[in-house]
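# Results of the structural survey
Take a look at the letters that make up each chain.
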Amino acid sequence: MTSPHSAPRPSAPAPAGVPDIRLIVTDMDGTLLDGEGRVPDAFWPLLAELERRGIVLSPASGRQYATLAALFAGADDGMVYIAENGAYVVRDGAEVSSEPLDPAVPVRVVRSVRQLAADGVDVGTVVCGKRAAYVERSDDAFLAEVAKYYAERRVVPDLTAVDDEVLKVALFDFGSAERTTAPALKPLAATHQVVVSSEKWIDVMNQGVDKGGAVRGLQRALGVTPAQTMAFGDYLNDLEMLDAAEWSYAMADAHPEVLRRARQVAPSHRDNGVLRTIARVLDLPLD
């Protein structure tokens, strides 16, 4: 990973007794975002205070970069985005690192999902490229789900013919991704990362690609240790990210495995848990 910062940020000293946190990474859905999927209003003044102290906040999400950039537009100077579950890291519109799939892999996944659909499973595929997210299923119900996470999206006639660097293949199962779609992809799990990222979504990436790897690369670039890192997550695609931080928090309503793996528990995202925890630990005001 190349350095995401050209120069250290000037910082104000933290009050005595406050932990020396230099990096905060947070998942979005079910974690930072509120119950309506929005960035809480109290986030913006808190972000300004973090920047004043020289603390980097990095969104780490299965969402595409364009979607994350839109959420933080106007307040993201120097912000490092960990997008596509760690497969794409971007700062100020410039790529820091990426992990494209071999072109044969998306084709294999698309054909497997087509067979699932033919067998009656209500599932759709999103091929996630650097330029856009591509779908061939075009019904309103599926497109509405895709629109939540992919700001740049295109409907194409054939997903096996997408001309883009593919970072990830995401599958949306209207039933249970963990019980229905994941078992069908088990053969692929021997050579690639197949992760259940929410109740309905599964992501396929290169082996070893996850949010944790991206966070460790960011730590190296910034000269930050796990002891200086705080991380928040709620689902299985957050596990490796939590492992990379000594200040690791599962949201109160997180997946049971996440609750077991994290060192501490934060209030639910519906109760502004990320912001409340940051404010408490770092002795910051919260509007």
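Just so we're clear, the structure is a prediction, and the values are computed from it rather than from any experiment.

## A short note on the pairing of strand 1 (residues 23–26)
With burial as the criterion, each face of strand 1 is covered, one bearing Leu23 and Val25 and the other bearing Ile24 and Thr26. Bridge count between strand 1 and strand 2 (residues 56–59): four bridges; the pairing is parallel. Bridging from a neighbouring strand, Val25 pairs with Ser58 of strand 2. In terms of strand pairing, strand 1 meets strand 12 (residues 229–233) through four bridges, oriented parallel. Along strand 12, the bridge assignment pairs Thr26 with Phe232.

## Let's talk about the side chain of Asp173
Positionally, Asp173 belongs in strand 9 (residues 166–173). For the buried Asp173, no salt bridge is present, and the opposite-charge side chain at shortest range is Lys200, 6.4 Å distant. Within the structure, the side chain of Asp173 is placed 2.7 Å from the backbone nitrogen of Gly175, a separation counted as a polar contact. The residues contacting Asp173, other than those within four sequence positions of it, are Val121, Asp122, Val123, Thr180, Thr181 and Lys200.

## Details of the pairing of strand 9
The buried count for strand 9 comes to eight of eight residues, which makes it a mostly enclosed element. With seven bridges joining them, strand 6 (residues 123–129) and strand 9 adopt antiparallel strand pairing. Paired with Val127 across the bridge in strand 9 is Val169. As paired elements, strand 9 and strand 11 (residues 201–206) share four bridges and run antiparallel to each other. From the neighbouring strand, Phe172 faces strand 11, where its bridge partner is Trp201.

What counts and how
Within any chain, residue numbers begin from 1 and follow the written order of that chain's sequence. Owing to the predicted nature of the model, reporting of local features is limited to residues with pLDDT of at least 70; listing and counting of side-chain atom pairs is limited to 80 or more, with chain, interface and lining totals taken over all residues. Hydrogens and waters are ignored; side-chain quantities use all the structure's heavy atoms. Whether a residue is buried, partly exposed or exposed follows from its accessible area with a 1.4 Å probe, protein chains only, as a fraction of its type maximum: under 20%, in between, or over 50%, in that order. Strands here are runs of E lasting at least two residues and helices are runs of H or I lasting at least four, both read from the DSSP assignment and numbered beginning at the N terminus. A pair of strands is treated as paired once DSSP finds two or more bridges between them. When charges are counted, neither His nor the chain ends are considered; positive counts come from Lys and Arg and negative counts from Asp and Glu. In what follows, salt bridge is the name for a side-chain nitrogen of Lys or Arg lying within 4 Å of a carboxyl oxygen of Asp or Glu. Between N or O atoms, a polar contact is any pair within 3.5 Å; within protein, one atom must be a potential hydrogen donor and the other a potential acceptor, and residues adjacent in sequence are included only when both atoms are from side chains. Whether two residues are in contact is decided by their heavy atoms, any of which lying within 4.5 Å being enough.

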